[in-house]
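# Architecture at a glance
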Amino acid sequence: MPILNPEGKSFATEVEVLVIGAGACGCTAALAANERSAEVLILERDAKPRGNTSLSGGQIPAAGTKLQRAAGLLDDTPEILAQDLIDKAHGQCDVELARHIASQSARTVDWLVERYQMPLSCILDFVYPGHSRPHMHASPSRFGAELLAVFLAAVEREGIPIATSAPVTDLFADDSGRIHGVRITRPDQRVEDIGCRALILACNGYGGNKALLERYIPEIAHAHYHGHVGNQGEAVLWGEALGASIKDMGAFQGHGAVTTPHNIHISWPSITEGGIQVNQHGRRFSNENQGYSEQALRVLRQPGGVAWTIWDERCQAIAITLHSHVEAMKAGAIKRYASVEDMAKSIGCDAKALAGTLRDVADAVRGTRADAFDRDFASKPPLVPPYYVARVTGALFHTQGGLEVDKCARVLRTDGTAFPNLFAGGGAARGLSGPADWGYLSGSGLMMATNLGRLAGEAAAAMVRS
Ligand SMILES: Cc1cc2nc3c(=O)[nH]c(=O)nc-3n(C[C@H](O)[C@H](O)[C@H](O)COP(=O)(O)OP(=O)(O)OC[C@H]3O[C@@H](n4cnc5c(N)ncnc54)[C@H](O)[C@@H]3O)c2cc1C
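Residues numbered from 1 in each chain as written. Predicted model: local features only at pLDDT ≥ 70, side-chain atom pairs only at ≥ 80, totals over all residues. Heavy atoms only, no water.

### Concerning the overall build of the protein chain
Counting its regular elements, the protein chain contains 15 helices and 20 strands. In terms of C-alpha radius of gyration, the protein chain reaches 23 Å, essentially the compact-globule figure of 23 Å for 466 residues. Along the first, second and third principal axes, the C-alpha atoms of the protein chain reach 75 × 45 × 40 Å. Relative to all contacts within the protein chain whose residues are 6 or more apart in sequence, the contacts with residues 24 or more apart total 75%. Accessible surface, the protein chain as shown: approximately 17,000 Å² in total, 51% of it carbon and sulfur. Charge-centre separation for the protein chain: the mean point of 44 positive side chains lies 3 Å from the mean point of 50 negative side chains. (Helix = DSSP H or I, 4+ residues; strand = E, 2+ residues; numbered from the N terminus. Rg over C-alpha atoms; globule rule 2.2 N^0.38 Å. Contact = heavy atoms within 4.5 Å. Areas by Shrake-Rupley, 256 points an atom, 1.4 Å probe, with all protein chains shown as cover. Lys, Arg positive; Asp, Glu negative; His and termini not counted. Charge placed at Lys NZ, Arg CZ, Asp CG, Glu CD.)

Put into structure tokens, the structure is as follows:
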């Protein structure tokens, strides 16, 4: 991924702040910079923006928001959210950044709701693993496409231009690491160069780039990739070439319940509310409620790389509030059985083994037997027929490693100093998950997109205005 020499180069088109990528991060950054009177242009690879933001569940964690207060949630604080992030990552993330992002989270959500009419409300009917308070805020359908549409409408209303079908292929940077502009290579191979005074990388991670996955996360490289194929890892490749600090490249958000062969994910309340997963022998193999991310590899390690998620009517009533679950129902990926025998037949396992598994879980719920996988079942009622079942596999949702940034979203060099005018956020930046799959706190993706996006936009505008 070349870095081009800007010496003697003059750009026919120049803007103050260039943003690469029109997802949650790029839109947030552009809105924040525009509010501070910077001239902004967004460059987007696709003809119509449809990155991971549009595929997501659209749920953003934040602590101490006005929406939480209005909903009577008075005991959530940035300190609690920060601790949840740090605990999930076993303390192996950038702890200072985690505290900073948590401290900014309410401001970001309040701002998006009040100024740009984000249709968010608090998720109160279930809580994701690792969330010690209901931190999640989501739009009505709990679907990111709805969120991205509102972002793009706000960008349009503000008069911020988006150049689409505009993949950025190269950066112009001098020896000091100052970015002078970018090169777009249009789908018909026409080349356009655009100058800038600040550059914000909001082009997500490398989930769509098999070579990078094989290099950094071989264990998930050949699993189903459930994210946007346009996430080709340019931010990392440019960062490597520029001498940026790149960290936690083995980290990723997986998901342990993507229906196969349909490739639609089952929403996680099916598990948090008391559901379980069994393998083709009808036996459980893990504490399913530690998180959907780490569950991906656990499922992939089962015979055939598949498992069956089992839940009941009570779990279903909550799970169905998420868009993807509705889609899985419509696709016929979810079956319903009145008896253990019929369910076992559909799984292809021994009915007695499956009945034994359900009996053990019921005992754990009642507290008469400790769970073999240390899962705490006590807070939920037992599963009762009819049962819902889906055949699932483990998948990669997005990568979590990336460019190390400071509290203003400035990209850092390996010596810890900041590049003069280069910013990154969302999936382009290093996440807060630590080094592997188990550190991802649900919602961390959009949290890093919206908070780092706002911080990058504010800092870039301040820089070009100074
Ligand atoms: C199925 C699924 C469900 C998820 N659910 C949630 C959730 O509920 N909550 C949560 O917090 N996170 C969730 N995530 C993660 C979340 O979607 C991402 O972390 C977040 O959307 C990242 O935002 P972004 O703006 O960085 O990237 P994106 O939304 O992917 O936007 C990046 C944009 O950059 C463009 N681009 C890439 N390269 C270039 C280039 N070279 N030139 C020009 N443009 C380029 C892409 O086309 C894309 O439009 C989910 C992910 C998946 C896949």
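### Some thoughts on the nonpolar core
Residues Val 17, Leu 199 and Leu 201 are the most contacted members of the largest nonpolar core, which totals 88 residues. No other element matches helix α15 (residues 444-465), which puts 11 residues into this core. By size, the runner-up hydrophobic cluster in this structure holds 45 residues, among which are Phe 126, Val 306, Tyr 388 and Val 389. (Core = buried A, V, L, I, M, F, W, Y, C linked by side-chain atoms within 4.5 Å. Buried < 20%, exposed > 50% of the residue type's maximum accessible area, 1.4 Å probe, protein only.)

### Description of the sheet that holds strand β6 (residues 136-138)
The strand order across the open sheet formed by 3 strands is β4-β6-β5, and the pairing between neighbours is antiparallel. Either end of the sheet is taken by a strand with one partner, and the two such strands are β4 (59-61) and β5 (121-122). In this structure, β5 lies alongside β6, joined through 2 bridges in antiparallel fashion. Counted as the bridge partner of Cys 122 is His 137 from β6. (Pairing = 2+ DSSP bridges.)

### With respect to the site of the ligand
The immediate surroundings of the ligand are formed by 42 residues, with Glu 44, Asn 52, Thr 53, Asn 204 and Leu 446 found nearest. The contact in question runs from an oxygen atom of the ligand to an N or O atom on the backbone of Gly 58, over 3.4 Å. In the environment of the ligand, an oxygen atom lies 2.8 Å from a nitrogen or oxygen atom belonging to the side chain of Asn 204. In the complex, the protein chains occlude 98% of the 1,000 Å² of accessible area that the ligand would expose alone. (Near = heavy atom within 4 Å. Polar contact = N/O pair within 3.5 Å; in protein donor to acceptor, adjacent residues only side chain to side chain.)

### Description of the pairing of strand β15 (residues 306-312)
Of all 7 residues in β15, 7 are buried, a share of seventy percent or more. Burial along β15 is two-sided: the residues Val 306, Trp 308, Ile 310 and Asp 312 and Ala 307, Thr 309 and Trp 311 are all buried. For strand β14 (residues 276-278) and β15, the ladder comprises 3 bridges, and the chain directions are antiparallel. Residue Val 278 lies in a different strand from β15, and its bridge partner there is Trp 308. Examined bridge by bridge, β15 and strand β17 (residues 387-399) share 7 bridges and lie antiparallel to one another. Across the sheet, residue Trp 308 finds its bridge partner in β17, namely Arg 391.

### Comments concerning empty space enclosed by the protein
Rolled over the atoms, a probe with the dimensions of a water molecule shows which regions are left empty. Evaluation of the coordinates by the stated rule reveals 2 cavities of 30 Å³ or more. There is about 30 Å³ of room inside the second largest cavity. Lining the second largest cavity are Ile 123, Phe 126, Val 127, Tyr 128, His 131, Arg 133, Pro 134, His 135 and Met 136. Considering only residue class, the lining of the second largest cavity consists of 6 nonpolar, 2 polar and 1 charged. (1 Å grid on protein atoms, 1.4 Å probe; cavity = no way out; pocket = protein on both sides within 12 Å on 5 of 7 lines; lining within 4 Å. Points joined across faces, edges and corners; volume = space filled by probe spheres on them. Nonpolar A, V, L, I, M, F, W, Y, C, P; charged D, E, K, R; others polar.)

### Description of the packing of aromatic side chains
Across all of its chains, the model carries 8 aromatic pairs by this definition. Ring centres 6.0 Å apart and planes at 15° place the aromatic pair Trp 311 and Tyr 388 in the stacked group. Placement of Trp 311 in strand β15 and of Tyr 388 in strand β17 is noted, with a sequence separation of 77 residues between them. In terms of burial, Trp 311 and Tyr 388 fall into one category: buried. (Phe/Tyr/Trp six-rings, centres within 6.5 Å; stacked < 30°, edge-to-face > 60°.)

### Concerning α15
For α15, which comprises 22 residues, the first-to-last C-alpha distance of 31 Å matches the rise-based estimate of 32 Å (1.5 Å per residue) to within 8%. For α15, the tally of buried residues reaches 18 of 22 residues, placing the bulk of the element in the interior. (Expected span 1.5 Å × (residues − 1).)

### Remarks on the environment of Ala 22
Along the chain, the position of Ala 22 falls in the loop between β2 (13-20) and α1 (24-35). Measuring from C-alpha to C-alpha, the distance between Ala 22 and Leu 43 comes to 7.1 Å, with 21 residues separating the pair along the chain. Among residues more than four places away in sequence, those in contact with Ala 22 are Cys 27, Ile 42, Glu 44, Pro 49, Leu 148, Leu 152 and Ile 162.

### A look at unusual backbone geometry
Here Thr 260 and Pro 261 are connected by a cis peptide whose omega angle stands at 15°. Mapped onto the elements, Pro 261 comes out in the loop between β13 (252-259) and α9 (269-272). Even without being a glycine, Asn 204 presents a positive backbone phi close to 60°.

### So, the pattern of salt bridges
Scanning all chains against the criterion turns up 34 salt bridges. For Asp 46, the salt bridge identified is with Arg 50, shortest N-O distance 3.8 Å. Residue classification places Asp 46 among the buried positions, given a relative accessible area of 8%. Connected via shared salt-bridge partners are Glu 35, Arg 36, Arg 107, Arg 115, Arg 454 and Glu 458. (Salt bridge = Lys/Arg side-chain N within 4 Å of Asp/Glu carboxyl O.)

### A closer look at the pairing of strand β10 (residues 191-201)
Counting buried positions over the 11 residues of β10 gives 8, a clear majority of the element. Pairing analysis gives 7 bridges linking β2 to β10, with the strands arranged parallel. Looking at the pairing, Val 15 lines up with Cys 196 of β10. Pairing of strand β9 (residues 179-185) with β10, which is carried by 5 bridges, proceeds in the antiparallel orientation. For Arg 183, the partnering residue across the bridge sits in β10 and is Asp 193.

### Quick word on the side chain of Thr 393
Within the secondary structure layout, Thr 393 lies in strand β17. A residue is classified by how much of its surface remains accessible, and Thr 393, at 11% relative accessible area, is buried. Reaching out from Thr 393, the side chain makes a polar contact with the backbone oxygen of Gly 305 at a distance of 2.8 Å. Those residues in contact with Thr 393, other than ones at most four positions away along the chain, are His 255, Gly 256, Ala 257, Val 258, Thr 260, Val 299, Leu 300 and Gly 305.

By themselves, these observations are geometric and do not establish any function.
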